[in-house]
Amino acid sequence: MQTKNDDLTEIQRALQQVKRSFINVGVFSFFINILMLVPPIYMLQIYDRVLTSRSEETLLMLTLIVVWLFITMGLLEFVRSRMLIRIGNKLDNSLNEDLFSSMFKRSVNEPGQVNAQPLNDMTSLRQFMTGNGLFAFFDSPWLPIYILILFLFHPYFGFFGIFAAIVLFTLAYLNERTSKKLLEEANQENMQSTNYASASVKNAEVVAAMGMEDNLKNKWFEKHLSFLSKQSQASDRASILTNLSKNLRLMFQSLILGLGAWLAIYNEITPGMMIAGSIILGRALAPLDLLIGSWKGFSSARTAYRRLNEMFAKYPSQDDSMPLPDPEGRLSCENIMVTPPGGRAPVVRGVSFELEKGEMLAIIGPSAAGKSSIVRAVLGVWPLLAGKVRLDGADIHSWDKLHLGRHVGYLPQDIELFAGTIAENISRFGELDPDRVVASAKMAGVHELILRLPQGYDTELASGTSGLSGGQRQRIGLARALYGKPKLVVLDEPNSNLDDQGEQALADALKALKEQGVTVVIISHKKPILKLVDKLLLVVDGQPKAFGARDEVLTALQNGQLSLSNQR
């Protein structure tokens, strides 16, 4: 049975979990705001009781009580601040795994969104929750109570307080209206310029080799200047309203003293009420002043929350599918139509084939025929417009990705090894089993190559795997694909960077996979590889032209019955 909580996103559920903590912060804020009345009450007693009675004992007792109450208020404020810090940390800890999973899913489905902005959004949200800006939201509800106390002093005080509050509320509203859109646009352009710079630095070798640095720098600078311009405009507008709010608050506190003096002349209030009224008005308006001053942080936190909530809603971190048993390797495609993530036009249409456990399929065809798109669909990382990909009879998208991933090996065209040791990369950064790591490396024919590196399997790889050749990266990537005895192995141009020794090692690995009954899908046109496969799929312009036994398809190609182009 679906509960109301099931309809919430991960971040909404996390906020629900800390709801009680926020209530506790509100309770502390209640007592803190009660104690904020201590200074005006103290002043009231000094002017109206101590000065008139000239009693030193009364002054001493009042002062001792006030000192104790101030110490208590300081402790309460300290505890409240610590509570908000703990709430921010708890929210971060409860979301970090879900955040990484959702961010990863988004990167798979939206290749243009491959960045760490969600992590920055989480940091912005946590920083706002642990800063002083949030106190304004807990203290602002006390404004009517302070106004009520002013009315108790004198109705003119109360009406003056309402007027001052309306003026500052208006400034807060204007601050929101004038800066919200600009801040959102500035944040968006900041993300774009940062991503552009990161992409340029990532391809530093190409940039340096072809003298593209100045051109890319100018392009980045245009984006960065646009961000700075909009942020400056928003900051200028906000600073005007912030300074105006601060000066108006000080002016109102002074004017209420004048109003109090006028009332005291006619004996409608006491001098103590005059001083206390000014202090209470200042306290009533302080949260509004703080709200205006921290509006930029609030706006950034609100935008960050909206982006995170949208991401969690679109890409939930947890799959609700029922766990399936370990796969055996039976694979089929049923008239699939594939489109790239975010695209509309299909790049693959009408592809169908079926492989039994342990069979090996080679996909061949001209460049840009859709071969890589097919294997991405087979792996379930690209969406289908129509048709089904099934593994052991189950829709590939119904499998739990973490469970299925342990039984799948994948070597893409662009090999990316991650920061860590070679052993960690081969073991997929899971529990490191030295025997299995070495076995996978030997099966990929890369064991001896790794031993010749400075620290062998403990050699640290930096992000981008600088220092390794393309062939070395490809063979280590093959070892990673073979780790853990997978039941399905998908290899996309696995010999594009290999020398003769690497080609032989790949052929030996494929033979070993065949002996182990592993289902293999490989993209390759090399004859030594094609000799090992059982079936061939010829794809031209995104459509299947032939599928069948290897020898039948090769014979048809040799006889001219089939062609690697659109022409028959």
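To start, this report covers the structure provided alongside it.

What counts as what
- Residues numbered from 1 in each chain as written.
- Predicted model: local features only at pLDDT ≥ 70, side-chain atom pairs only at ≥ 80, totals over all residues.
- Heavy atoms only, no water.
- Helix = DSSP H or I, 4+ residues; strand = E, 2+ residues; numbered from the N terminus.
- Buried < 20%, exposed > 50% of the residue type's maximum accessible area, 1.4 Å probe, protein only.
- Contact = heavy atoms within 4.5 Å.
- Areas by Shrake-Rupley, 256 points an atom, 1.4 Å probe, with all protein chains shown as cover.
- Lys, Arg positive; Asp, Glu negative; His and termini not counted.
- Charge placed at Lys NZ, Arg CZ, Asp CG, Glu CD.
- Pairing = 2+ DSSP bridges.
- Salt bridge = Lys/Arg side-chain N within 4 Å of Asp/Glu carboxyl O.
- Polar contact = N/O pair within 3.5 Å; in protein donor to acceptor, adjacent residues only side chain to side chain.
- Expected span 1.5 Å × (residues − 1).
- Core = buried A, V, L, I, M, F, W, Y, C linked by side-chain atoms within 4.5 Å.
- Axes fitted to C-alpha atoms, helices over the stretch in contact; angles between N-to-C directions.
- 1 Å grid on protein atoms, 1.4 Å probe; cavity = no way out; pocket = protein on both sides within 12 Å on 5 of 7 lines; lining within 4 Å.
- Points joined across faces, edges and corners; volume = space filled by probe spheres on them.
- Nonpolar A, V, L, I, M, F, W, Y, C, P; charged D, E, K, R; others polar.
- Parallel < 35°, antiparallel > 145°, perpendicular 65-115°, else oblique.
- Left-handed = near helix turned anticlockwise from the far one by under 90°.

Along the backbone of the chain there are 21 helices and 12 strands. Across its three principal directions, the C-alpha atoms of the chain cover 115 × 55 × 45 Å. Counting only residues that meet the buried cut, the chain has 45% of its 568 residues in that class. Put simply, of all contacts in the chain between residues at least 6 apart along the chain, 74% involve residues at least 24 apart. Within the structure as shown, the chain displays about 29,600 Å² of accessible surface, and the carbon and sulfur contribution to it stands at 57%. Distance from the positive charge centre (58 side chains) to the negative charge centre (56 side chains) of the chain: 3 Å.

Next up on the list: the pairing of strand β12 (residues 543-549). In the sheet, strand β11 (residues 535-540) pairs with β12 via six bridges, with the strands oriented antiparallel. From the neighbouring strand, Lys535 faces β12, where its bridge partner is Ala549. Taking the residues that link successive antiparallel strands as the turn, the β11-β12 hairpin has two residues, and the phi of Asp541 there is positive, at about 55°.

Turning our attention to the sheet that holds strand β4 (residues 384-391). Taken in spatial order, the four strands of this open sheet run β2-β1-β4-β5, and their pairing is antiparallel. Each having just a single partner strand, β2 (348-355) and β5 (394-395) make up the two edges of the open sheet. In the sheet, strand β1 (residues 331-338) pairs with β4 via six bridges, with the strands oriented antiparallel. Directly across from Val338, in β4, lies its bridge partner Leu384.

Mapped onto the elements, Lys371 comes out in helix α13 (residues 371-379). For the buried residue Lys371, which engages in no salt bridge, the nearest side chain bearing the opposite charge is Glu493, 5.1 Å off. There is a polar contact of 2.8 Å between the side chain of Lys371 and the backbone oxygen of Pro366. Excluding residues within four positions of it along the chain, Lys371 makes contact with Ile363, Ile364, Gly365, Pro366, Glu493, Ile523 and His525.

The subject of this paragraph is helix α12 (residues 295-314). With 20 residues, α12 should cover 28 Å at 1.5 Å per step; its first-to-last C-alpha distance of 28 Å lies within 8% of that length. Residues Trp295, Phe298, Ser299, Ala301, Thr303, Ala304, Arg307, Leu308, Asn309, Met311 and Phe312 constitute the buried set of α12.

Here we take up the nonpolar core. If you look at the biggest cluster of nonpolar residues, it comprises 48 residues, and the most contacted ones within it are Ile426 and Leu510. Per-element accounting of this core gives the leading share, six residues, to helix α19 (residues 500-515). Setting aside residues up to four positions removed in sequence, Leu510 forms contacts with Met360, Leu491, Val520, Ile522, Ile529 and Leu532. Counting 41 residues, the second largest nonpolar core, distinct from the first, contains Leu37, Ile147, Ala164 and Met274.

In this section: the sheet that holds β11. Here six strands make up an open sheet; going across it, the order is β6-β9-β10-β3-β11-β12 and the pairing mixed. The sheet is open, and its two borders are formed by β6 (408-411) and β12, each paired with just one other strand. Geometrically, the sheet is characterised by an average inter-axis angle of 10° between neighbouring strands, direction not taken into account. Taken strand by strand, helix α18 (residues 470-482) contacts β6 and β9 (488-492), and its axis lies near 165° from that of β6.

Let's shift gears to empty space enclosed by the protein. One pass over the structure, following the stated rule, counts three cavities of 30 Å³ or more. Around the second largest cavity, the lining residues are Asn175, Ser179, Leu183, Ala234, Ser235, Ala238, Trp295 and Lys296. A class-by-class count of the residues in the lining of the second largest cavity yields four nonpolar, three polar and one charged.

At a minimum axis distance of 9 Å, the contact between helix α7 (residues 143-153) and helix α11 (residues 271-293) shows a crossing angle of 165°. Viewed along their axes, α7 and α11 adopt a mutual orientation that is roughly antiparallel. As for how α7 packs across α11, the hand of that crossing is left-handed. Here α7 contributes Leu143, Tyr146, Ile149, Leu150 and Phe153 to the contact with α11, which in turn contributes Met273, Ala276, Gly277, Ile280, Leu281, Arg283, Ala284 and Leu288. For the contact of α7 with α11, the per-class residue count stands at 11 nonpolar, one polar and one charged.

Going through the model one piece at a time under the given rule, you end up with 11 salt bridges. The residue Asp92 makes a salt bridge to Arg126 at a minimum N-O spacing of 2.3 Å. Here Arg126 lies in helix α5 (residues 117-129) and Asp92 lies in helix α4 (residues 56-109), a separation of 34 residues in the sequence. The exposure class of Asp92 is buried, given its relative accessible area of 17%.

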